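Residue-level listing of the chains:
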Amino acid sequence: MVGEAGSAASGPTGARAIMHGLMSLPSTASPPAALRIDHVTAPAAALLADPRTLAVFGFGAAAPTGQADPRYLHVALPAFGQAPLECWRVDAEVAHGRDDGIAWSAGGGLQFGALEIPDDGDGEAAAAEAYARLRRWLAQGDFPHPLRIWNYMDAITAGEGDDERYRRFCVGRARGIGRELAPGELPAATAIGHPQRTGRFQLYWLAAREAGTPLENPRQLQAWRYPRQYGPQPPGFARALLPASEAMPLLLSGTAAVVGHASQHDDSLRGQLQEILTNLRSLIATARALRPALPAHPGAQARLKAYVRDAAALPAVDAWLQAQLPEVPRIVLHGHVCRRELRVELDGILR
């Protein structure tokens, strides 16, 4: 996908060489990749003490910062209430380290990676540098297939017309990848703006040895086919991704109130939330056509994150999710969606 073997200048070195040796077992010796994502209130140190922990995420000002373990990532998006930590676990011991400015961990057929780029206001340049580094990283390692990517940036909708930062991000992302991706190569993805300036572009991902199957929503035009009115470079992501292993969850991209390519219910938070739920149900139905064992509706094994543009609307979004999806653990964050009229977006997993 993003990491073609011919794109790498060199093989792994240093700690990455150690990881390369640990992970280069024949595929027949490894069980199918399996990922469990939990929302937990335990201390980060306790979660990181588990050798099967692939990654831990803390959100907002109350979350721990300054953790030395490369498996821990602090996301500065403000959280509603006391947000739990998000913990990724696999069914094998995890190797981890830092190389080339990238924090990584790998085990159980999966790899977590994260990097940050200073952003002095040129979002296109920051995205281009980040994705070029991601491309090289994936190309020279044992996990060449990104399944899921998160992009967190400052002021995502600042600027007018083609100077809007999200549009420049899309240009930079395509420049960093270096070639046009085929639809079957696209990962699931989220792109959200910080409500306050952080001065950095944060990129993290889940990658695997085996490629997954990108999925599209029949209610929505594929993002890579968006018309020119949305910018010079269409967004490069799939609406969801179904990993090759049946032990993996369905990975849901950031999902907003978009039908076709047009935003819906500009003046109604509740209307947008209902449209998002309809979109998620449509995506789930598409996934179940390929994997019937998936549940028909989000339940206790699903996980959701909500990104809400207006801080004053955080309690209303949390209450709506509790009423509509009471069994689903959630984290509600103050973050800006990539179109100014879109008030809320959901992403997550289904299993």
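Details of the structure are given in the entry above.
Everything numeric in this text was worked out from a predicted model, so none of it was measured. (Residues numbered from 1 in each chain as written. Predicted model: local features only at pLDDT ≥ 70, side-chain atom pairs only at ≥ 80, totals over all residues. Heavy atoms only, no water.)

### A word on the overall build of the protein
In terms of regular secondary structure, the protein is built from six helices and 18 strands. The C-alpha atoms of the protein give a radius of gyration of 19 Å, which matches the 20 Å a tight globule of 351 residues would have. C-alpha atoms of the protein, sized along the principal axes, occupy 55 × 40 × 40 Å. When the 35 basic and 35 acidic side-chain charges of the protein are each reduced to a single mean position, those positions are 2 Å apart. (Helix = DSSP H or I, 4+ residues; strand = E, 2+ residues; numbered from the N terminus. Rg over C-alpha atoms; globule rule 2.2 N^0.38 Å. Lys, Arg positive; Asp, Glu negative; His and termini not counted. Charge placed at Lys NZ, Arg CZ, Asp CG, Glu CD.)

### Comments concerning the packing of helix α3 (residues 123-139) against helix α4 (residues 165-177)
One way to put it is that α3 packs onto α4 with a least axis distance of 7 Å and a crossing angle of 30°. Our classification of the angle between α3 and α4 gives roughly parallel. Relative to α4, the crossing made by α3 is right-handed. Listed contacts from α4 to Gly-123, Glu-124, Ala-125, Ala-127, Ala-128, Tyr-131, Ala-132 and Arg-135 of α3 are Arg-165, Arg-168, Phe-169, Val-171, Gly-172, Arg-173, Arg-175, Gly-176 and Ile-177. Among the residues forming the contact of α3 with α4, the class breakdown is eight nonpolar, three polar and six charged. (Axes fitted to C-alpha atoms, helices over the stretch in contact; angles between N-to-C directions. Parallel < 35°, antiparallel > 145°, perpendicular 65-115°, else oblique. Left-handed = near helix turned anticlockwise from the far one by under 90°. Contact = heavy atoms within 4.5 Å. Nonpolar A, V, L, I, M, F, W, Y, C, P; charged D, E, K, R; others polar.)

### Focus: the pairing of strand β9 (residues 188-194)
Taking burial as the measure, the seven residues of β9 include seven buried ones, the bulk of the element. Sheet topology places strand β8 (residues 145-154) next to β9; seven bridges connect them, and they run parallel. Counted as the bridge partner of Trp-150 is Thr-190 from β9. Viewed along the sheet, the connection from β8 through α4 into β9 turns out right-handed. (Buried < 20%, exposed > 50% of the residue type's maximum accessible area, 1.4 Å probe, protein only. Pairing = 2+ DSSP bridges. Right-handed = clockwise from strand over helix to strand, strands pointing away.)

### Notes on the sheet that holds strand β18 (residues 344-350)
Read from one edge of the open sheet, six strands run β11-β12-β13-β18-β16-β17, paired in mixed fashion. In this open sheet, the two edge strands, each paired with only one partner strand, are β11 (213-215) and β17 (330-334). Taken over all neighbouring pairs, the strand axes of this sheet differ in orientation by 15° on average, direction set aside. Two strands pair when backbone bridges link them, and strand β16 (residues 303-308) and β17 are joined in this way by five bridges, in the parallel orientation. When the bridges of β17 are listed, Lys-305 appears paired with Ile-331. Each of β16, β17 and β18 touches helix α6 (residues 314-324); the most contacted strand, β17, lies at about 160° to it.

### Here's the deal with empty space enclosed by the protein
Inspection of every chain in the model, using the stated rule, returns four cavities of 30 Å³ or more. Lining the largest cavity we find 14 residues, and of these Glu-86, Trp-150, Lys-305, Gly-348 and Ile-349 sit closest to its centre. Mapped by element, the contributors of at least two residues to the lining of the largest cavity are β1 (36-40), β4 (85-89), β8, β13 (250-255), β16 and β18. (1 Å grid on protein atoms, 1.4 Å probe; cavity = no way out; pocket = protein on both sides within 12 Å on 5 of 7 lines; lining within 4 Å. Points joined across faces, edges and corners; volume = space filled by probe spheres on them.)

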